[in-house]
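# Structural description and commentary
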Amino acid sequence: MKLLLHICCGPCATYPVSELRHAGIEPIGYFYNPNIHPYQEFKKRLSTLKEYAEAVGLDVRYNRNYDFEEFLRSVAFHEKERCKYCYQLRLEMAARAASELGCTHLTSTLLVSPYQKHDLIQRTGERVAQKYGLEFFYQDWREGFRQGQDLAREMNLYRQPYCGCIYSEAERYCK
């Protein structure tokens, strides 16, 4: 199995990468997250992933395009369904990259978070994977969320206080 792992951030990658390697799968990481707001937060998460990848010897492909306008156009007037559009945008780009790299499978570190919509991620992942001739590798990694966060703390990795989009930022700070 040649697997591309869409990575939302370094801390969320810790547990899935460990589990995949334990299963004998060496993932190729892929960073594409135009949903992250503001740009300084995007840069922090990108930098933290680089730090983590270097520390554990993870091969990561970085799509540094900050297509924030594309993300906003996708979710404007659909704020309550923003996750659907966000998953679609990121997983579609990851599937395209996986296909170009000759991968057979696609998955995402989004599946480690207890705050994400797993059913929607799985359906979206399966749909875009099929479009590119891939299989979506669904694994519920939520049981390792705290373990991954603890490892991120031990590694002194920056841990963000919200999902990433402007809407989740507002929910986090305006309550």
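Quick look at the structure, then. (Residues numbered from 1 in each chain as written. Predicted model: local features only at pLDDT ≥ 70, side-chain atom pairs only at ≥ 80, totals over all residues. Heavy atoms only, no water.)

This part covers the nonpolar core. In this structure, Leu4, Leu106 and Trp141 are the most contacted members of the largest nonpolar core, which totals 55 residues. At the level of secondary structure, the elements contributing two or more residues to this core comprise β1 (3-6), α1 (10-22), β2 (28-31), α2 (39-56), α3 (68-75), α4 (82-100), α5 (118-131) and α6 (145-154). Element by element, the count of residues in this core is highest for α4, at ten residues. Those residues in contact with Trp141 that lie beyond four places of it in its chain are Leu5, Tyr15, Pro16, Glu19, Leu20, Thr107, Ser108, Leu111 and Val112. (Core = buried A, V, L, I, M, F, W, Y, C linked by side-chain atoms within 4.5 Å. Buried < 20%, exposed > 50% of the residue type's maximum accessible area, 1.4 Å probe, protein only. Helix = DSSP H or I, 4+ residues; strand = E, 2+ residues; numbered from the N terminus. Contact = heavy atoms within 4.5 Å.)

Next up on the list: the sheet that holds strand β4 (residues 105-108). A sheet is described by the order of its strands in space; here five strands give the open sequence β3-β2-β1-β4-β5, paired in parallel fashion. Edge positions in the sheet fall to β3 (60-62) and β5 (135-136), since each has one partner strand and no second. Pairing geometry for β1 and β2, over three bridges, is parallel. Counterpart to Leu4 in the pairing with β2 is Ile28. (Pairing = 2+ DSSP bridges.)

Moving on, we come to the pairing of β4. Burial of β4 is two-sided: the residues His105 and Thr107 facing one way and the residues Leu106 and Ser108 facing the other way are all buried. In terms of strand pairing, β1 meets β4 through four bridges, oriented parallel. Bridge assignment links Leu4 to a residue of β4, and that residue is Leu106. Bridge count for β4 against β5 is two bridges, and the pairing is parallel. Note that in β5 the partner of Leu106 across the bridge is Phe136. The parallel pair β4 and β5, bridged by α5, forms a crossover whose chirality is right-handed. (Right-handed = clockwise from strand over helix to strand, strands pointing away.)

Inspection of the secondary structure assignment puts Gly148 in helix α6. Looking at Gly148, the relative accessible area reads 4%, which means it is buried. With residues up to four places along the chain from it excluded, the contact list for Gly148 reads Pro11, Thr14 and Tyr15.

This paragraph deals with the packing of α3 against α4. Direction vectors running N to C along α3 and α4 enclose 140°, while the axes themselves pass 9 Å from each other. The angle between α3 and α4 falls in the class oblique. Handedness of the α3/α4 crossing: right-handed. When α3 is examined against α4, the residues Glu70, Phe71, Ser74 and Val75 are found in contact with a partner set consisting of Arg82, Tyr85, Cys86 and Leu89. In terms of residue class, the contact of α3 with α4 is built from five nonpolar, one polar and two charged. (Axes fitted to C-alpha atoms, helices over the stretch in contact; angles between N-to-C directions. Parallel < 35°, antiparallel > 145°, perpendicular 65-115°, else oblique. Left-handed = near helix turned anticlockwise from the far one by under 90°. Nonpolar A, V, L, I, M, F, W, Y, C, P; charged D, E, K, R; others polar.)

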